[in-house]
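Structural features, examined
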Amino acid sequence: MDTKSLVRTLHPLEIKVLSTYAPGRELSAARLAADLGYKEGQANQAFSWLTAKGLAEEAGRTVRTVYELTPLGLEWISAGTPEERILRHLADKGPARLPEICAALGLEQKDVGSAFGLLSKEGALSMDAEKRAVADPAWFQAAHASGRKPRIALLREILERAKAAEGGILEESALSAEEKAAVAGIARKRGAGDAGFRVADRESVSYRLTEAAGAVRKELADAGITGDEAGALTPEMLETGSWKNVRFRAYNVRGPAARVIPGRRNPYVEFLEGVKDKLVSLGFQEFDGSLVETEFWNSDALFMPQFHSARDIHDVYHLAEPTHAREIEEPFLSNVAAAHENGGATGSRGWGYGFDRDFTRRLILRSQGTVLSARTLPTAEIPGRYFGMARCFRYDKVDATHLSDFYQTEGIVLGPDVNLRTLLGFLEMFAVEVAGAKEVKYVPGYFPFTEPSVEVHIKHPVLGWFELGGSGIFRPEVTEPLGVHVPVLAWGIGIDRMALMALGLNDLRELFSPDIENVRLRRAKI
Amino acid sequence: MPKIDVNEKLFFALAGRTYGAEELELALQGAKAELDGWDSNSGVPPEERTIKIELNDTNRPDLWSTAGIARQLRTLAGGDPPAYPFFSRDGDARPATRRVVVDPSVLGVRPFMAAFVISGKPISDSMLRDAIQTQEKLCWNFGRKRASVSMGIYRTSLIQWPVLYKAVPPKSVRFVPLQMTETLDLAEILDKHPKGQEFGFINRGKKLHPLLTDSRGGVLSYPPIINSADIGAVQVGDTDLLVELTGTDLPSVTLSASIVACDFADAGYTIEPVAVDYPEPTEFGRTVVFPYYFQKPVSVDSGRVARILGRSFSPAAVAEALARMGVRSEIHGQFVTVFPPEFRNDFLHPVDIVEDVMIGCGMSTFEPERPKDFTIGRLTPVETLARKAKAILVGMGYQEMVYNYLGSGRDYIDRMNVPGDGVLRIANPMTENFEFVRPSILPSLLNSESVSGKAVYPHRIFEAGKVAFKDDAANYGTVTRTHLGFLSAHGEANYNEAASLAAALLYYLGAEYSVEDCEDPRFLPGRQARILRNGTAVGILGEVHPRVLENWGITVPCVAGELDLEAYV
C-alpha cells in the first residue's frame, strides 16, 4: 500500500503517536499516557494497529510488580481499615478488652489481634493492668512532631491514591521504600479476598516506530493531519456553523462495509413474477384455481382415458377425506363421458370403454397445470389468451430433480383462425421474450390432449440447447365437450431449469428452501 | 414413457443403413423419440452395442421395438411401406393349420386370445432379446402391467395341437414354472414366484384362473403370470415358435399380436396364422385367424388439414405426406381416406391424420406466424393484491420466502398444537413427510425459524401463498385460499410488534379491519387477536405459544400472523 493510502487507514490514536515521536524512539504505554494522555487500553490499541501496519515494532519486554486494589481495600477506604477503626473506637469509648472490640466492630479476633500487635509494637497502643487496650494520644503527637508519618496514615494515603489510579493499580516502582513496606503488610499474592491489595506481576512491552513511520509522519505533516479531526458531522456543528472550522477525518473507503440485512423479495418468486409479467405483456390473462381437483378436470376432460398408465394410483395423490366431489357440472360430464366412450359429437371414435362416473368425481391434488386450461375453456373469451403458474403435485421421490410440489406454467390461445403456424409463432415469442433464446427449433411431440403436438427446443446463451416446453392444438375431444368450437392452442413451458440457472443453484429443493440465511444471501445471476 | 434398448447391429440391418449419433437424433424426431444413450465409443464390439431410445408417444406401441423404430425411419426416408400378406381380414381368412380352442370358462376371467407361429429360421440372440423387451414394454405400458394384455412365446415342437385356453381353480393344476425347479399349483406360484408376486394382483382372489395347455394337458403357461419350464422355455436357435397373447380387450390383444408379427416379418421370419375358436361370437367373428387386420378407414377433409396446419394442402399433397409416414390412403374429391397400417390403431379422430401429415412434411417446412388477434393481458386480482402486500412487508424489513405445500402431520398438526380434523390428508402418501396439504402458512414459517437458528437475528420473514382445508359447503368439500403469513423472531418480539405490522399493512392496503380477543391454541392467551373484516374472521396475529415454540425446538420468542388475502379482493 502506498503512503497516501496508508494514511487513510490511520486512526487518530495512531496519527498522534506518529506525529509526536520520531522513528527509533522507544515508547511505552506509560510514555503515551504521560505525553498524550492515553489510557493504557488506548496506548495498547495504538501499538497493536501500528505494528500490524509495519509502522511500529516491539523493542523489549519487562516484568514489573503492581499492587491492585481489592474490593475489600475499596471498602476500607470508606469504612476505615481495621486499625483505624480500633483506634477510633478506643478514642471514642475509652479502654476496652479485645473481645469487646471484636464484638463492637464486628471484626474477627485474629484481625483485631494482629492489628493490636502491630500498633502496640509501634507504640500507638498499650495494654493496661485490666488487660484493656489503651490508645496513647501522646504517641501520635510525637510521631507528627518528628516529621515521620505513622504507618497507618501512610496506608490511608496509599489507599486513596490507588482508588484514584486507573484500574486501582499502583506501580511498585512509584512507591518509596517506606510505602512499599507499609503496602506489603496489607497485600497478598494469592487469596487476596481478605487483603487490601493483590500483588501481581505485569508484563510491559515497549515499542519503537519503524523507518516506514518516518514517511507516514511526513505525509501526515504535509497533509496537515493532526488526529484531532472531527469523526462526525453533528447537528450542533450545523446549527452553530462550527463545521466551517472543522476538518473531518477521512474514511478508509477500501475497507469492508458492515453487513445490513434488508427486507427483500424472494429471488425465485421474483423470477416467476418476471415470467408472469412477460406473458401479460404478450396479451395473456392469468388464471388460477383449486389445489384439489377431480379426476374429471385433471384428466378426463383432457381426454386421457381412465385406464391410461399415467393415471395409476401411484401417479397422483388422492385425498383421504373427502374422497369425492359431490357433482361434476353438466353438460360437461355427459359430453366428456360420451367423448371417451364413443366420441360423442366430437367426430372421434372415442376410447371405446365404459366411462366410470364415480371414478371421475374422485378428489386428487392436481398433477398438471393443464387442468386450469380445461377449467377455463367453458367461459373463455374468443379470441382469448390465458396462462397460469400452477402449483402441481407429483407422486415422486423428492430429490435434486424431483419435488412433491412445484410450479408449471401453462396456457391456451383461442381463436377462429389459430393454427399450427400461429402456435409456432407463439412458441417463438416465448423462446425469445421469456427465455432469451438465440435459436429455436420445433420437433413433433406427444401429449394425450393435443394433436398435433410440438416440442420447442431453444439455444440459450448460457444453458445451450434444451427443451423449453411442449405444446399443441387441443384435440376436438377436449374442446367440443366443453362447448368450445374454435381451435385452441395449448402450451406449457418448463422454467425450473432457467430458474436454477438464474439463481446459481443445481438442486430443485433449494428453490423452496426454508433456510433463512440461504434465502437472504441468494441473488439472481442472469 | 417407455425406454427401450436397441441392438445396434440388428437396428442398422432393419433400418437398411447405418447412422451417426447426430443423424439418428434428427431421424428419431420423426418417431417422436429421443436418443437416450449409445455406447458407440466404449470399445464394445458393434454386435453387442446398445442404443438407448426413449419413446414419447404412448399411443404408438408399434414404435417400442427395434423393428418398429427401424420401420418408421425407413419409410420416412422414402422407403416403401412394407407389405404383410399374412393378415386375415373380415371375410378373408388366411388358411391356418393350427388352432387354439377358447373354453367358455375364461369368459368372465380373461376372455380374449390371439396367436400365431413364427418360423423360417432359428431365432437369434438379438431378436429373442428384442422380443422379450417388446413383450415387457407392450404389456407393461399398453397392456396396463399385463392386466389387459400379456404375451407368451413357446416351442411348438413340444406342443400337441390344438392348444386349449381355459380357466381352472387355482389349486387344481400343478406344473414347474419357468426359472424354478419345483412343481407348484397356481396359488403357490402367486405366493412364491417373483412374477407371481409382481403380477399376482390380476388373478388373486378369483375362483378361476386362466391356463393354457396343449391337447395332452401339458401346461404352456399360467397367463398373465409365467410360462412353464418346458414348453414355455424358449432358447436361442429354436425354430417354429408359438406367440400367444391373452387379455381383457380384443382390439388391444389383436393389435399387440399384429405389432409382434410385423416385427418378426420385418426381421425375415415367416408368420404362420393360427385360428382361435371362441365359444361365442366376438366383434371379429366366432373363429378369428390371427394376425387379424381389424382397423377401420378414417377420412379427413383436406380443407381441415389446411386450416389446422395453417397453409394450403391439396388432397394429393396430404396423401403424399402420409405415404412418407408409411400410411396408405385414397383420394375422394376433397377427402383423403386413410387405411391405418396393420400395426397402428391410433387414428381416433381425423386430427390424428393431420399430425401424420405434419410429420410427413417435416416440421421445418412450417413457418412460424405472429398472432394477429388483439387480446388484453392481466394478472388475477389476488396476484395484484398480493404484490402490493409483499411490497409493504419488504418495506418493513421482511424477507420473502416460498415453501412447498406438502408436509407431515407432525409439522402441520402436532407441533402447531391444533386438532387435525380440518387438514387435508393424502390417502396414498409416498412418505409421512409429504402426507398433508398445508392448512396454514404458519407451520411453514415456524419450520424456517426452527432450521435457521444460526442466521443473524432478528428474523423477519413472510410468504404469500396457497393453503387448502376442508369445507363441507364446497362441491369439492375443500377450499384453496391465498394467504399472507408473517413471522418475527428475536429476543424482544411481542404482541405490539405484530399488531403494529398488521395495522400498517392494512392501512396501506386501504383495507378495513377490526380485531377481537380470541383463544387460538397456537398463540399465548391474552396475547393474540382475531382480525375481522365486516365482522367476519379473516386472520389472526399474536405471540406464538411457547409450547408451539418448544415443539419446533425454537428458543427465540416469535410473533406471527396470517391473513386471508382473498377476503380483500
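Given the structure is predicted, the values throughout are model-derived calculations rather than measurements.

In this section: the interface of chain B and chain A. Each side of the interface is counted separately: chain B has 85 residues, and chain A has 100 residues. Across the chain B/chain A interface, buried area totals approximately 8,100 Å², and carbon plus sulfur atoms make up 55% of it. Of all residues in chain B, Leu348, Val402 and Tyr476 of chain B bury the most surface against chain A, accounting for 10% of the area lost on that side. Linking chain B to chain A there are 9 salt bridges. Of the charged contacts, one joins Lys390 of chain B and Glu273 of chain A as a salt bridge, the two residues approaching to 2.7 Å between their closest N and O atoms. At the boundary of chain B and chain A, one finds 52 residue pairs in polar contact (both at pLDDT 80 or more).

What follows deals with the pairing of strand E11 (residues 384-393) of chain A. Residues and elements named next belong to chain A. Extensive coverage of E11 is indicated by the burial of 10 of its 10 residues. By the alternation rule, side chains of E11 split into Gly384, Tyr386, Gly388, Ala390 and Cys392 and Arg385, Phe387, Met389, Arg391 and Phe393, which are all buried. Where strand E8 (residues 285-286) and E11 come together, 2 bridges link them in parallel fashion. Bridge pairing in E11 places Glu286 opposite Phe387. Sheet topology places E11 next to strand E12 (residues 405-414); 10 bridges connect them, and they run antiparallel. Considered in E12, the bridge of Tyr386 is made with Ile412.

Residue and element names in this part refer to chain B. The sheet built from 3 strands is open, its strands ordered E16-E18-E17 with antiparallel pairing. Both outer strands of the open sheet, strand E16 (298-301) and strand E17 (328-332), are each paired with one neighbouring strand and no more. Pairs of neighbouring strands in the sheet enclose a mean axial angle of 25 degrees, with direction left out of account. One ladder, built from 5 bridges, connects E17 with strand E18 (residues 335-339); its direction is antiparallel. Bridge pairing in E18 links Arg328 to Phe339. On the sheet, helix H9 (residues 315-324) packs against E17 and E18 and is oriented at approximately 175 degrees with respect to E17.

To continue, consider the domain arrangement of chain B. All names here are of chain B. Domains assigned within chain B are domain 1 (1-80), domain 2 (83-290), domain 3 (298-364) and domain 4 (381-568). When each unit is reduced to the centre of its C-alpha atoms, the spacing between domain 2 and domain 3 is 35 Å. Counting from both sides, the interface comprises 7 residues of domain 2 and, opposite them, 4 residues of domain 3. Summed over both sides, the interface between domain 2 and domain 3 buries roughly 480 Å², with carbon and sulfur atoms accounting for 65% of that surface. Area buried by domain 2 at its contact with domain 3 is led by Tyr84, Arg89 and Leu255, which between them contribute 59% of it. Viewed at the interface, domain 3 and domain 2 are joined by 1 salt bridge. Between Arg89 and Glu342 there is a salt bridge whose closest N-O contact spans 3.8 Å. Linking domain 2 with domain 3 are 0 residue pairs in polar contact (both at pLDDT 80 or more). Taken together, the residues of the side of domain 2 that touches domain 3 sort by class into 5 nonpolar, 1 polar and 1 charged.

Rules behind the numbers
- Residues numbered from 1 in each chain as written.
- Chains lettered and ligands numbered in written order.
- Predicted model: local features only at pLDDT ≥ 70, side-chain atom pairs only at ≥ 80, totals over all residues.
- Heavy atoms only, no water.
- Contact = heavy atoms within 4.5 Å.
- Buried area = accessible area lost by both parts, 1.4 Å probe.
- Salt bridge = Lys/Arg side-chain N within 4 Å of Asp/Glu carboxyl O.
- Polar contact = N/O pair within 3.5 Å; in protein donor to acceptor, adjacent residues only side chain to side chain.
- Buried < 20%, exposed > 50% of the residue type's maximum accessible area, 1.4 Å probe, protein only.
- Helix = DSSP H or I, 4+ residues; strand = E, 2+ residues; numbered from the N terminus.
- Pairing = 2+ DSSP bridges.
- Axes fitted to C-alpha atoms, helices over the stretch in contact; angles between N-to-C directions.
- Domains from an automatic or database assignment.
- Nonpolar A, V, L, I, M, F, W, Y, C, P; charged D, E, K, R; others polar.

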